[in-house]
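Here's the letter readout for the chains.
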Amino acid sequence: MINFKEEVEKRKDQLIQDIETLCAIPSVYDEKTAGENQPYGKACRNALDAMLEIGKRDGFVTYDEHGYAGHIDIGDQEESFGILGHLDVVPVDARGWDSDPFKVVQANGKLYGRGVADDKGPLLAGYYAAKIIHDLDLPVKKKIRVIFGCDEERGSSCVEHYFTKNPYPSMGFTPDAEFPVVYGEKGIVRFHITGNVKKDGLIAMVAGDRVNIVPGECEAIIEGNHKQYEESFKQFLSDHHVTGIIEEEGNCTKLVLKGKSAHASLPEEGINAVSLLATYLDTVINNKLVHFIATYLNDYYGKGLQINHEGLMGKLTMNLGVVKYVKEDADIELDLRCPHEIDLKKMADDVEELCHSYGLTLESDIHEPLYVDPNSELIQKLHKAYVEVSGDTTSAPQAIGGGTYAKSMPNCVAFGCEFKDEDNAIHGNNENIKIDSLLKSTEIFAKAIYDLIKE
């Protein structure tokens, strides 16, 4: 019997070193440096080059799809098994970190740094699992193609482009979620609401820079002396167990409310600073945009919009991720995760009708849900490897609200790397992964891949 655990342990130091290399690159989308062969900016290009260089170092054939994505082929068979991971990361606010986000730190048995868990560490765990199978010269009927893109956090245009130029692997997984194996992903709908709204007491309101992150802070400037709002605002903060700032801003008042960031697939784990501040503002000014947010966008499940639903994949969730109101121009972005039973087009039409009644315009971007038969060979063998290595015999294959690369190709699912009852602070401050969990994930991946492609 192959001792994959022992093989992973042999490569532990090199694996961590490669994670340190990739995570040192601040591969956040940067429009200013975007150009030919680096459509997402120079840093994302650098991360792609670094991953390609790892493959070349180890003697494998590599491929670069003009900076959108790349792959490393391990083996030379015609048919391939795919491992899909991403090299881009969400922005950081270094003030909330205990260490430099782009310098991996080892402490308390964990690695800390932006990308260690989402998704550079898991991508490399998948790569090393494939490399172990190759190094042991195990008999396989498919090559392993490790595919990596640079725009997953903004909607996966990277692999969409990549697959217009390259064939789909026959099956695969993306190590960009959690264990156990994910057979279903909710549909993702993005709403972009715009319009001109009279200020009526509101001069400016700004929060969020990513629609898939619960905004942890919101700032507003309203008409009137700050003294007239001080008592009511401080009482509101106390009642809702949050903090904030109120201060003079010229002849007006500046309000800052601090909530808690979270991923849009689990918005209830955060505290949305926008909807909470709008709730307060709706009691002291008569602004139509504030009223719209406070009335219709003030929960995590779409109840205000009357689109709430609970299905086999769980509840519909809604995140109000971005708000910008400046010079009477309003701009709102929503992220919804929807069970597969919902007619997404009809839902969008209903919300559009409501927006029109407020003089607002709605544009929608709809991505249908993913469902792979839980009894398929892919799901069964991935889950079997997880159970055998982890010892977890109670957790069943699952459906999630997060959207992954699995939707970018047929017969692909999300698988790892976050274990049950572990919190890697993905998209948050002090993102981390347990070193033991990283190694265990690599072992699970190696066993699962081999079970699926062995002769």
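In this text, all values refer to a predicted model and were calculated from it rather than measured experimentally.

**Student:** In this structure, what is going on with the overall build of the protein chain? I would like to understand it.
**Tutor:** When helices and strands are tallied, the protein chain shows 11 helices and 24 strands. For the protein chain, whose C-alpha radius of gyration is 23 Å, the value lies close to the compact-globule estimate of 23 Å for 455 residues. Dimensions of the protein chain, computed from the C-alpha atoms along their principal axes, are close to 75 × 45 × 45 Å. The buried share of the protein chain, reckoned over its 455 residues, is 56%. Of all intrachain contacts in the protein chain linking residues separated by at least 6 positions in sequence, the fraction that spans at least 24 positions is 75%. Surface exposure of the protein chain reaches about 19,300 Å², of which carbon and sulfur atoms provide 45%.

**Student:** Which parts of the structure should I look at to understand the sheet that holds strand β19 (residues 361-367)?
**Tutor:** Spatial ordering of the open sheet is given by β13-β14-β12-β11-β17-β18-β10-β19, a layout of 8 strands whose pairing is antiparallel. Each edge of the sheet is formed by a strand with only one pairing partner; in this case those strands are β13 (243-249) and β19. Within this sheet the neighbouring strands show an average axis-to-axis angle of 15°, counted without direction. Bridge count for strand β17 (residues 317-326) against strand β18 (residues 329-338) is 9 bridges, and the pairing is antiparallel. Counterpart to V323 in the pairing with β18 is I332. Seen against the sheet, helix α6 (residues 227-239) touches β12 (217-223), β13 and β14 (252-258) and runs at an angle of roughly 165° to β13. Of the strands in this sheet, β10 (187-196), β18 and β19 touch helix α9 (residues 344-357), which is tilted by about 165° from β19.

**Student:** What exactly am I supposed to notice about the packing of helix α7 (residues 273-281) against helix α8 (residues 288-296) here?
**Tutor:** To describe two helices that pack against each other, one gives the angle between their axes and the distance between the axes. Across the interface, α7 lies against α8 with an axial gap of 8 Å and an inter-helix angle of 120°. Taken together, the axis directions place α7 and α8 in an arrangement best described as oblique. Where α7 crosses over α8, the two elements pack in a sense that is left-handed. In this structure, α7 contributes V274, S275, A278, T279 and L281 to the contact, and α8 contributes V290, I293 and A294. When its residues are assigned to classes, the contact of α7 with α8 shows 6 nonpolar, 2 polar and no charged.

**Student:** In this structure, what is going on with the sheet that holds strand β4 (residues 105-107)? I would like to understand it.
**Tutor:** By definition, the strands of a sheet pair up through backbone hydrogen bonds, in either a parallel or an antiparallel sense. Overall, antiparallel pairing links the 3 strands, which are arranged β4-β5-β24 in an open sheet. The sheet is open, and its two borders are formed by β4 and β24 (432-434), each paired with just one other strand. Taken pair by pair, the neighbouring strands of this sheet meet at an average axis angle of 25°, ignoring direction. When β4 meets strand β5 (residues 110-112), the two strands line up antiparallel, connected through 3 bridges. Bridge pairing in β5 places A107 opposite K110. Sheet contacts for helix α11 (residues 435-453): β4, β5 and β24; angle to β24, the most-contacted strand, approximately 70°.

Conventions used here
- Residues numbered from 1 in each chain as written.
- Predicted model: local features only at pLDDT ≥ 70, side-chain atom pairs only at ≥ 80, totals over all residues.
- Heavy atoms only, no water.
- Helix = DSSP H or I, 4+ residues; strand = E, 2+ residues; numbered from the N terminus.
- Rg over C-alpha atoms; globule rule 2.2 N^0.38 Å.
- Buried < 20%, exposed > 50% of the residue type's maximum accessible area, 1.4 Å probe, protein only.
- Contact = heavy atoms within 4.5 Å.
- Areas by Shrake-Rupley, 256 points an atom, 1.4 Å probe, with all protein chains shown as cover.
- Pairing = 2+ DSSP bridges.
- Axes fitted to C-alpha atoms, helices over the stretch in contact; angles between N-to-C directions.
- Parallel < 35°, antiparallel > 145°, perpendicular 65-115°, else oblique.
- Left-handed = near helix turned anticlockwise from the far one by under 90°.
- Nonpolar A, V, L, I, M, F, W, Y, C, P; charged D, E, K, R; others polar.

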